[in-house]
Amino acid sequence: MRIALVTESVASVAWSDRLVAALPEHEFVRISPAAADRPRSAPPFAARRRRALAAYGELVRSLVEPRAAAGFGEALNALTDEARAGGLPALLRSGAAVRALESTWFGSAAAAVAAGPGDAGVPLVQDALVATDLLERALRPLSLPWYGPKGALHGADVCHVVDGPSALLAGLVAKTRLGLPLLLTEHNLHLRERYRGYRASRYRWPVRSLLLAFHRLLAGEGYDQADVITPGSAFDQRWQEYCGARRERIRVVYEATPLAEEPPVGPEPERPTLAWLGPIEPAGGLEAMLRAFALVREELPDAVLRVHGQAPAGAAAYEEHCRSLARRLFDDATEGGTGADAVSFDGHPVRLRSAYEHATVLVFSGSAGVRPQLLAQAQLSGRPVVAADSGAAREVLGRTGLLVPVGEPAPLAAACAALLRDEERRERLGHAGRLRAQELYAVEPAVDAFGTLYLELAAALPAPAPERAGQPFARPAEYWVGAFPKGVPAQ
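First, a word on what this report is: a plain description of the structure on this page. Because the structure is predicted, anything quoted here is derived from the model rather than measured.

1. Focus on the side chain of S62
Here is step 1: Within the secondary structure, S62 is located in helix α2 (residues 46–64).
Here is step 2: For S62, a relative accessible area of 3% puts it in the buried group.
Here is step 3: Looking at S62, its side chain comes within polar contact range of the main-chain oxygen of L59, at 2.5 Å.
Here is step 4: What S62 contacts, discounting residues up to four positions off in sequence, is A68, A69, G71, F72 and L217.

Now the structure itself:
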């Protein structure tokens, strides 16, 4: 079977490498929109130019007028049709595209309301120029040379999209032009990541609002068109359903990690050590961790905290605030220098395993939730885990870790101190967490699940019964070898 595997991020490429290696019976065609060169061709002329600009105007209208949002898919399909003959990227960078965007955006009564309050919410000419450039980049996969008779997607049986808006757009075109079954895997929900990332964006609010509308409607179109959707957790499944995905099309397949085969880390460090991991930003929960650690030190004066993380763009002031708080809480609160080494900011570790080796307890206190695979990798180390009850933490840890309320130092301190005092409990929870992570995140179950899905999609088999649609193995093995007598349903 020939599988077109469309990936975007570095993480998704690494994941797909493992999938390809584990399924040698299939032929995989690897495609990455991010690595493709920008298509170069002259703008279209006459009737095609008018049709393309009209479709572009309707696309922009769907982004700025809530009542027109339902027309996003139709406008996208119209642009896809016009991209077949070439020249669309050049047209979308032209002055005509800027004028079409201005006419629709500036003339929309909803634009200022949707963009935000005050003068900052009114789109300006400079916003139109920036938005035109960003939309052209976002729509570039429509024009890539993969869909024709000699393209990389020609002859494929299934299109498998892994993470990212560009990869999703390429998958939608593959389904529209070539009629390929579409399998959508999301380990990092790109719509959610855009909402998080645009909080610190350098663009003005009107541009951010327009681009967020594009990603929101693109995600909805992807969920509507995908034949099967495979989130990496039940928590992500709920997000997808909230954004319009149909439950009967969703199969949860946990993101496999090869670390499931590695041995646990070695002996604990001599001093009781908490290792905090996460981004150094307000949603990362570092301030709550520092205040909690101050309470831990009242019970265990010999304890140390190692901070593993770095500040993303725009969060340098928050990192300095946390460093200043650490100095006030520990350096100033002790005499004779005994608290000077209580907290160390060690940056992002080159190898996560090295952070686990030098820790007694691993802590994730962020309010935005930790990527499930990172929690699983922490469990695989054999160290006990304390995490804020957000995101997929409850689903991943189960009863093998300690969950605490988000942003509350006292419960966080109590959980950390309880583990640091009790060696037997640490060993028991660490071992149980490792076994749980090995069961959920081993490579073989994920590979088997995708192998089954490829067969189902390529054969255009009917969907499983609704009550079994959420299971990765919806049909028994006998179904594929004809072991069932004729007329006996394989359910």
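2. Quick notes on helix α8 (residues 165–178)
Here is step 1: Between the first and last C-alpha of α8 there are 19 Å, a value that for 14 residues agrees with the 20 Å anticipated at 1.5 Å per step.
Here is step 2: Of all the 14 residues making up α8, 10 are buried; the element is thus mostly covered by neighbouring parts of the structure.
Here is step 3: Of the residues flanking the end of α8, it is G179, one or two places downstream, whose phi is positive at about 70°.

3. Some details on the sheet that holds strand β8 (residues 343–345)
Here is step 1: As summarised here, the arrangement of the 6 strands in space is β8-β7-β6-β9-β10-β11, forming an open sheet in which the pairing is parallel. The open sheet has two edge strands with one neighbour each: β8 and β11 (402–404). Within the sheet, the average angular offset between the axes of one strand and its neighbour, ignoring direction, is 20°.
Here is step 2: Pairing of strand β9 (residues 361–364) with strand β10 (residues 385–388), which is carried by 3 bridges, proceeds in the parallel orientation.

4. Brief notes about a nonpolar patch on the surface
Here is step 1: Together, F106, V125 and L129 make up a nonpolar patch on the protein surface, roughly 260 Å² of accessible area in all.
Here is step 2: With respect to the secondary-structure elements, V125 resides in helix α7 (residues 125–138).

Analysis parameters
- Residues numbered from 1 in each chain as written.
- Predicted model: local features only at pLDDT ≥ 70, side-chain atom pairs only at ≥ 80, totals over all residues.
- Heavy atoms only, no water.
- Helix = DSSP H or I, 4+ residues; strand = E, 2+ residues; numbered from the N terminus.
- Buried < 20%, exposed > 50% of the residue type's maximum accessible area, 1.4 Å probe, protein only.
- Polar contact = N/O pair within 3.5 Å; in protein donor to acceptor, adjacent residues only side chain to side chain.
- Contact = heavy atoms within 4.5 Å.
- Expected span 1.5 Å × (residues − 1).
- Pairing = 2+ DSSP bridges.
- Axes fitted to C-alpha atoms, helices over the stretch in contact; angles between N-to-C directions.
- Patch = residues over 30% accessible without salt bridge, like charges linked within 9 Å, V, L, I, M, F, W, Y side chains within 5 Å.
- Areas by Shrake-Rupley, 256 points an atom, 1.4 Å probe, with all protein chains shown as cover.
- Salt bridge = Lys/Arg side-chain N within 4 Å of Asp/Glu carboxyl O.

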